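Survey of secondary and tertiary structure
Here is how the chains run, residue by residue.
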Amino acid sequence: MNVAEIMDNRSAFSFEVFPPKTDVGMEKLCGEGGVLDQLCSMNPDYISCTYGAGGTNVGKNLEVLDHIIKGGRTIGVTHFTCIGNTKEGIKEQLQTYLDHGIDHMLALRGDLPFGWAGTGGDLHYATELVKFVRQEFGDKFTIAVAGSPEGHIACRSLEADIAFLKQKQDNGADYIMTQLCWDMDQFRYWLDAIRAAGVWLPVDVGIMPILDQAATINMALSRNGCVMPRELCEIISKNWIFPNPFVKDPFDADVEGKKASFKEAGIEYTIRQIDEYRACGISGIHLYALNKYEDVARIAKEAGLLNTI
């Protein structure tokens, strides 16, 4: 079964990893007994692999995906962007993925590199990419598309964003992978709104574990413009590292203690959020593994995700 068919039958469970930039990182992720082997021991329905920023590091992306699907242990899903891509280049790259046994993709415009005003390629939006892939490859790919419960930061309104999501569906998308969202009231509003707009695709919710102060703040504000609920802000404030968590050498006397306390509270927060999402009747949980195992394994087990399979 493909991912969309799995979601038609039950709630799915999956991970996201990213392609390391170094050989040491690749060995840690893909080597024997490495993070991928450990993640696969939890029998996820699929593991997705991102690109580097701006569509870079594509070769490592494919190498990681080769390890993900090794031995048929799970489905590999590649992120794929319009950044710097010609139509011919897209066809060649996607055929390479098919030749490697990768037939699932997340179709994205992609985050624009610093200073860019557009994609620098033949296609400018994910809606165009979905349509092009369907025209060129038919049903050979299962296509996921991004959904933004708070609206994409570059879109003029939430209503316009939902209209574009509907267009992705009409152009041939199979399921939705949501962007980061901690605001549960907003998520519930968005879920009702997309259904009212005629978007019936399964919704797979992206979850970023709350493990590190700086990474949490950066992820919320640098690309996504996410609302940070009061409860999450309190966790950050109570464990604030002085002068701030972005300083390499803080003068806080209890740096390690605060990091540990923050991680523990963040893990508990993440588990509660997963409970809330599942109560909404969504089709899957997609956990950002951050190329780690121990913390995400604990979250998956304590949230009861392993019992969904």
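In this report, the structure presented in the accompanying data block is examined. Each chain carries its own residue numbering, running from 1 in the written order of its sequence. Two thresholds apply to this predicted model, a pLDDT of at least 70 for residue-level local features and 80 or more for giving and counting side-chain atom pairs, whereas whole-chain, interface and lining totals are computed over all residues. Hydrogens are left out, water is left out, and the side-chain values use all remaining heavy atoms of the structure.

The next thing to look at is the packing of aromatic side chains. Two descriptors summarise a pair of aromatic rings, namely the distance from one centre to the other and the angle between the planes of the rings. Here a pair means two rings of Phe, Tyr or Trp (six-membered ring of Trp) with centres within 6.5 Å. Their orientation is stacked below 30 degrees between planes, edge-to-face above 60, and tilted elsewhere. Counted by the stated rule, this structure contains 6 aromatic pairs. Where Phe-13 meets Phe-15, the ring centres are 5.0 Å apart and the plane angle is 70°; that geometry is what we call edge-to-face. Both residues of the pair, Phe-13 and Phe-15, count as buried. Plain terms: the ring middles of Phe-187 and Tyr-277 are 4.7 Å apart, the flat faces sit at 90° to each other, and that makes the pair edge-to-face. Here's how the labels work: a residue is buried when its accessible area is under 20% of the maximum for its type, exposed when over 50%, partly exposed in between, all with a 1.4 Å probe on protein chains only.

Omega for the peptide link from Phe-242 to Pro-243 comes to 5°, which places this bond in the cis form. Within the secondary structure, Pro-243 sits in the loop between helix 10 (230-238) and helix 11 (255-279). Positive phi values are uncommon outside glycine, yet Leu-290 reaches one of about 55°. Every helix listed is a DSSP run of H or I at least four residues long, and every strand listed is a run of E at least two residues long, numbered separately from the N terminus. In this structure, Leu-290 sits in the loop between strand 8 (284-288) and helix 12 (294-302).

A few words on the sheet that holds strand 8. Here 8 strands make up a closed barrel; going around it, the order is 1-2-3-4-5-6-7-8 and the pairing parallel. In this sheet, adjacent strand axes meet at a mean angle of 25° when their direction is disregarded. Bridge count between strand 1 (residues 12-17) and strand 2 (residues 46-49): 4 bridges; the pairing is parallel. Residue pairing for strand 2: Glu-16 is matched across the bridge by Ser-48. Contacts are assigned to residue pairs that have any heavy atoms within 4.5 Å of one another. Between N-to-C directions, angles span 0 to 180 degrees; the directions come from axes that are lines fitted to C-alpha atoms, helices contributing only their stretch in contact. Strand contacts of helix 7 (residues 158-170): strand 5 (142-147) and strand 6 (175-178), with the helix running at about 180° to strand 5, the strand carrying the most contacts. One bridge is not enough; two strands pair if DSSP finds at least two bridges between them.

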